[in-house]
Amino acid sequence: MSERRPRGAWRIGRIAGADILIRPSLLVMGVLLVIVFAPQFERLGGNPYAVAGVFVASLYASILLHEIAHVVAARAFGMRVPSVTLHLLGGETHLEGESRSPTQEFVTAIVGPLASLVVGVAAWWSALQLPAGLIYAVLWSVGFINILVAGFNMLPGLPLDGGRVFRALIWGATGSESRGVLAAGWLGRLAAVGLVVWAVLTVDRLEPFHLTRALLFGVVAIFLWQGSSGALAHGRRLTRVDRIVARDLAVDAEPPPEAIALPASLSGRRLLIAMVEHPARVYALVEPDGTVVGRLDAASVDRAYREEMR
Ligand SMILES: [Zn+2]
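Residues numbered from 1 in each chain as written. Predicted model: local features only at pLDDT ≥ 70, side-chain atom pairs only at ≥ 80, totals over all residues. Heavy atoms only, no water.

- In the nomenclature of an unreviewed UniProt entry, the protein is known as Site-2 protease family protein of Aeromicrobium piscarium.
- What UniProt states about the protein under its Subcellular location (unreviewed entry) heading is, verbatim, "Cell membrane". (UniProt positions renumbered as here; feature names shortened; annotations may be inferred.)

This is the structure we're talking about:
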């Protein structure tokens, strides 16, 4: 999942209120995959290119299903989902607005891999009920691919679903979103290093398959490292925003009687969200027992935010 809006993508349809986009590279990749996989299906009878075509189409359908699970969960929480872009080993669900609680974040992230896992296990189970043959081979491959998609997306690094799940868990346990983002950033870096170490330790230079796998692990490691570095920078910004506490900005003066009341303990992004939900120039800061602490000017929050972001 990502919050960025794609360019150069084609719209192929609309599901659950979200535009389904594909990049032209996905079609090129699809043709390549058919050519690469066709020989595998040769001995099963039938046209191997047609079988490989069905296999690649089910790969793409599996990824679409994974993303639709994210879309449905995000929409259930009231987030807007303008589009979904399909890639090879996953897609990007473009969310507008961020999760407002660790629970929303956890559920929105985990439903994708769960959907892939359920489809994968169902396809594998169905394959095992059949005699070896064409349908068996296709079902087995669909099962394998869905379990691979689930596993890949659950790698514990942002922006993958596994990183988001970990971020939500730490956010829930500590009550601090910035701590969750920073922890997920460090875990993602650890996972990237772990992948490289594993690839190096298990590579057998004489085996071309091992070399390809090591190369693939390297690419994933770079992807995880970059995502984690982005997360660490975002986490540091969030930590600075967290330092803004409504009580510290209070003016010791009687707020106007019509002023909207906000808890004096609000801080960071929660303070900003509360102000966006109830736009006003002046607020009344109150303690849980109802005591008025003072007046909060929107302009002073704005100033504090700009200072922390410098
Ligand atoms: Zn996902």
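### Some thoughts on the pattern of salt bridges
Stage number 1. Per the counting criterion, the structure on display carries 7 salt bridges.
Stage number 2. Two residues, D19 and R11, come together in a salt bridge whose shortest N-O distance is 2.7 Å.
Stage number 3. Owing to a relative accessible area of 13%, D19 belongs among the buried residues under this scheme.
Stage number 4. For R167, the salt bridge identified is with E105, shortest N-O distance 2.5 Å. With R167 in helix α5 (residues 161-174) and E105 in helix α3 (residues 102-128), the pair connects residues that are 62 residues apart, well separated along the chain. Here R167 matches E105 in class, with each residue buried.
Stage number 5. Residues participating in the shared-partner salt-bridge network are R11, R14 and D19. (Salt bridge = Lys/Arg side-chain N within 4 Å of Asp/Glu carboxyl O. Buried < 20%, exposed > 50% of the residue type's maximum accessible area, 1.4 Å probe, protein only. Helix = DSSP H or I, 4+ residues; strand = E, 2+ residues; numbered from the N terminus.)

### Section: the domain arrangement of the protein
Stage number 1. When the domains of the protein are assigned, the result is domain 1 (1-154), domain 2 (175-242) and domain 3 (246-309).
Stage number 2. When each unit is reduced to the centre of its C-alpha atoms, the spacing between domain 2 and domain 3 is 39 Å.
Stage number 3. The partner domain 3 presents 7 residues to the 6 residues of domain 2 that form the contact.
Stage number 4. Summed over both sides, the interface of domain 2 with domain 3 buries roughly 570 Å², with 57% coming from carbon and sulfur.
Stage number 5. Here domain 2 is connected to domain 3 by 0 salt bridges.
Stage number 6. Scanning the region where domain 2 abuts domain 3 turns up 0 residue pairs in polar contact (both at pLDDT 80 or more).
Stage number 7. Ranked by residues supplied to the side of domain 2 that touches domain 3, first place goes to helix α7 (residues 208-242) with 5 residues.
Stage number 8. Along the lines of polarity and charge, the residues of the side of domain 2 that touches domain 3 split into 2 nonpolar, no polar and 4 charged. (Domains from an automatic or database assignment. Contact = heavy atoms within 4.5 Å. Buried area = accessible area lost by both parts, 1.4 Å probe. Polar contact = N/O pair within 3.5 Å; in protein donor to acceptor, adjacent residues only side chain to side chain. Nonpolar A, V, L, I, M, F, W, Y, C, P; charged D, E, K, R; others polar.)

### Topic: the pairing of strand β5 (residues 260-263)
Stage number 1. Examined bridge by bridge, β5 and strand β6 (residues 282-286) share 4 bridges and lie parallel to one another. Of the residues in β6, the one forming a bridge with P263 is V286.
Stage number 2. In this region the chain leaves β5, passes through helix α8 (residues 268-277) and returns to the parallel neighbour β6; the handedness of that crossover is right-handed. (Pairing = 2+ DSSP bridges. Right-handed = clockwise from strand over helix to strand, strands pointing away.)

### Observations concerning the sheet that holds β5
Stage number 1. Strand order in the open sheet formed by 3 strands is β5-β6-β7, with mixed pairing between adjacent strands. Unpaired on one side and paired on the other, β5 and β7 (292-297) mark the two borders of the sheet. Adjacent strand axes in the sheet meet at a mean angle of 35° when their direction is disregarded. (Axes fitted to C-alpha atoms, helices over the stretch in contact; angles between N-to-C directions.)

### Details of the coordination of the zinc ion
Stage number 1. Binding of the zinc ion to the protein goes through H66 (NE2), H70 (NE2) and D161 (OD), at separations of 2.0 to 2.1 Å.
Stage number 2. Of note, the donors binding the zinc ion are all from one chain and are spaced H-x3-H-x90-D. You can see H70 sitting in helix α2 (residues 48-76) and its partner D161 sitting in helix α5, a full 91 residues away along the chain. The same class applies to H70 and to D161, which are both buried. (Donors = N, O, S within 2.8 Å, 3.2 Å for Na, K, Ca; no water.)

### A short note on the UniProt feature "binding site: Zn(2+)" (unreviewed entry) in the protein
Stage number 1. Under the local residue numbering, the UniProt record ascribes the feature "binding site: Zn(2+)" (unreviewed entry) to H66, H70 and D161. These residues run over 96 residues, yet every pair of their C-alpha atoms falls within 10.9 Å of each other.
Stage number 2. Locating H66 in the fold gives a position in helix α2.
Stage number 3. The exposure class assigned to H66 is buried, which follows from its relative accessible area of 1%.
Stage number 4. In contact with H66, other than residues within four places in its own chain, are G112, P113, S116, V149, N153 and D161.
Stage number 5. Side chain to side chain, H66 and H70 meet in a polar contact 3.2 Å long.

### A closer look at the side chain of S62
Stage number 1. Along the chain, the position of S62 falls in helix α2.
Stage number 2. In this structure the side chain of S62 is engaged in a polar contact, spanning 2.9 Å, whose partner is the side chain of N146.
Stage number 3. Sequence-distant contacts of S62, that is, excluding residues within four places in its chain, are made with V142 and N146.

### A look at the packing of aromatic side chains
Stage number 1. Applying the stated rule across the entire model yields 3 aromatic pairs.
Stage number 2. Ring centres 5.7 Å apart and planes at 45° place the aromatic pair W124 and W140 in the tilted group. Taken together, the residues W124 in helix α3 and W140 in helix α4 (residues 134-153) connect sequence positions 16 residues apart.
Stage number 3. The exposure class assigned to W124 is partly exposed, which follows from its relative accessible area of 28%.
Stage number 4. By relative accessible area, which is 37% here, W140 ends up partly exposed.
Stage number 5. Seen from their ring centres, W140 and F144 are 5.6 Å apart, and the 5° between their planes marks the pair as stacked. Highlighted residues: W140 and F144, both in helix α4, separated by 4 residues, approximately one helical turn.
Stage number 6. Taken together, W124, W140 and F144 form an aromatic cluster joined through their ring pairs. (Phe/Tyr/Trp six-rings, centres within 6.5 Å; stacked < 30°, edge-to-face > 60°.)

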